Amino acid sequence: AGRRRLRRACQGAEQRMWDGELIELLLAALAEPHVPESVLHRNIEVAHGNCRCGEVRYEIDGPFDVMANCHCSLCRARQGLTQASQVTVPMGRFRWIAGRERVTHYTARSGQAGEQCSFCSRCGSPMPFLDAGGDRAYCPAESLQQDLGIRPRSHVFVRS
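In this text, all values refer to a predicted model and were calculated from it rather than measured experimentally.

Visitor: Even after reading the chapter, I still don't get the sheet that holds strand S5 (residues 94-98), so can you show me in this structure?
Guide: Strand-to-strand pairing in sheets goes through backbone hydrogen bonds, with the strands running parallel or antiparallel. Here three strands make up an open sheet; going across it, the order is S1-S2-S5 and the pairing antiparallel. Of all strands in the sheet, those with a lone pairing partner are strand S1 (46-50) and S5, marking the two edges. Averaged over all pairs of adjacent strands, the angle between their axes in this sheet comes to 25 degrees, without regard to strand direction. Of the strand pairs in this sheet, S1 and strand S2 (residues 57-61) are connected by five bridges, and their pairing is antiparallel.

Set out below in C-alpha cells:
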C-alpha cells in the first residue's frame, strides 16, 4: 500500500512538471513579438477559395506574403480552435466568383473593427470578410484550395 501511494505521488509530480513545461513552451511560442519562421515562396499567381458546399467561390491574386494567426474570441468561437489562420490581401486582389449572395456577415455587439466574420449561409464555412475601410480582405486559410507557400508570421489578439 505504501509503495502504491509513493508511486502515485511520484507520477503526480511528474505530470505537474510536464504540464508546467508545456505551459512554458506555449507561452514562449505565443509571446510577442513572434519571430517569423523562414518563409517559403511559390510562384502562385491566383489562389482559389471556396466553402465546403461549393456554393461560394472566390479568387485572390498573388504574390502572397501576409498570413497571421488570430486569437481573438470571435475567431476562436468561429473555428472552435485556439486561433484562425488568415491570409490578408488588398481589395484590388480579391474577387468573388460565385455565391456572394450566400455570404452572411456577423458583427459582434461592440461593433469594433476586427470583431466581424463572414460565413456561407448554407454550410457555415468561414468566408472572407473586409476590414472596416474596405481596403483589405481577410481570407480564412482553411478555405483556400492550395498551399500558398507561406506560413503564419505573427499571432494577433493573443491576450483577447
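Visitor: Quick question: what am I supposed to make of the sheet that holds strand S7 (residues 116-120) here?
Guide: Taken in spatial order, the three strands make up an open sheet running S6-S7-S8, and their pairing is antiparallel. The sheet is open, and its two borders are formed by strand S6 (103-107) and strand S8 (126-127), each paired with just one other strand. With two bridges connecting them, S7 and S8 associate as antiparallel partners. If you follow Phe119 over to S8, its bridge partner there is Pro126.

Visitor: Even after reading the chapter, I still don't get the nonpolar core, so can you show me in this structure?
Guide: Most often, soluble globular proteins keep nonpolar side chains buried together rather than apart. Counting 14 residues, the largest nonpolar core has Ile60, Phe64, Val87, Val89, Phe94, Leu144 and Leu148 as its most contacted members. Of all the secondary-structure elements, those providing two or more residues to this core are S2, strand S4 (84-90) and strand S10 (136-140). With sequence-adjacent residues up to four places away left out, Leu144 is seen in contact with Ala47, His48, Gly49, Tyr58, Ile60 and Val87. Ranked by size, the runner-up nonpolar core spans six residues in total, among them Cys72, Leu74, Ala84 and Cys117.

Visitor: Is there a simple way to think about the pairing of S10 in this case?
Guide: Walk down a regular strand and you will see the side chains alternate between the two sheet faces. Strand direction decides the pairing type here: S4 and S10, joined by five bridges, are antiparallel. Bridge pairing links Gln86 to Pro140 in S10. Bridge analysis of strand S9 (residues 129-130) against S10 gives two bridges, and the strand direction is antiparallel. When the sheet's bridge partners are listed, Phe129 is paired in S10 with Tyr138. Where S9 hands over to S10, the hairpin turn is made up of five residues, of which Gly134 adopts a positive phi near 75 degrees.

Visitor: Honestly, the pattern of salt bridges in this entry has me stumped. Any pointers?
Guide: Two side chains carrying opposite charge are able to pair once their charged atoms lie near each other. Taken as a whole, this structure holds five salt bridges when the rule is applied. The salt bridge partner of Glu55 is Arg102, with a shortest N-O separation of 3.4 Å. Here the residue Glu55 occupies a position in the loop between S1 and S2, and Arg102 occupies one in the loop between S5 and S6, the gap between them amounting to 47 residues. For Glu55, a relative accessible area of 31% translates into the label partly exposed.

Rules used in this analysis
Residues numbered from 1 in each chain as written. Predicted model: local features only at pLDDT ≥ 70, side-chain atom pairs only at ≥ 80, totals over all residues. Heavy atoms only, no water. Pairing = 2+ DSSP bridges. Helix = DSSP H or I, 4+ residues; strand = E, 2+ residues; numbered from the N terminus. Axes fitted to C-alpha atoms, helices over the stretch in contact; angles between N-to-C directions. Core = buried A, V, L, I, M, F, W, Y, C linked by side-chain atoms within 4.5 Å. Buried < 20%, exposed > 50% of the residue type's maximum accessible area, 1.4 Å probe, protein only. Contact = heavy atoms within 4.5 Å. Salt bridge = Lys/Arg side-chain N within 4 Å of Asp/Glu carboxyl O.

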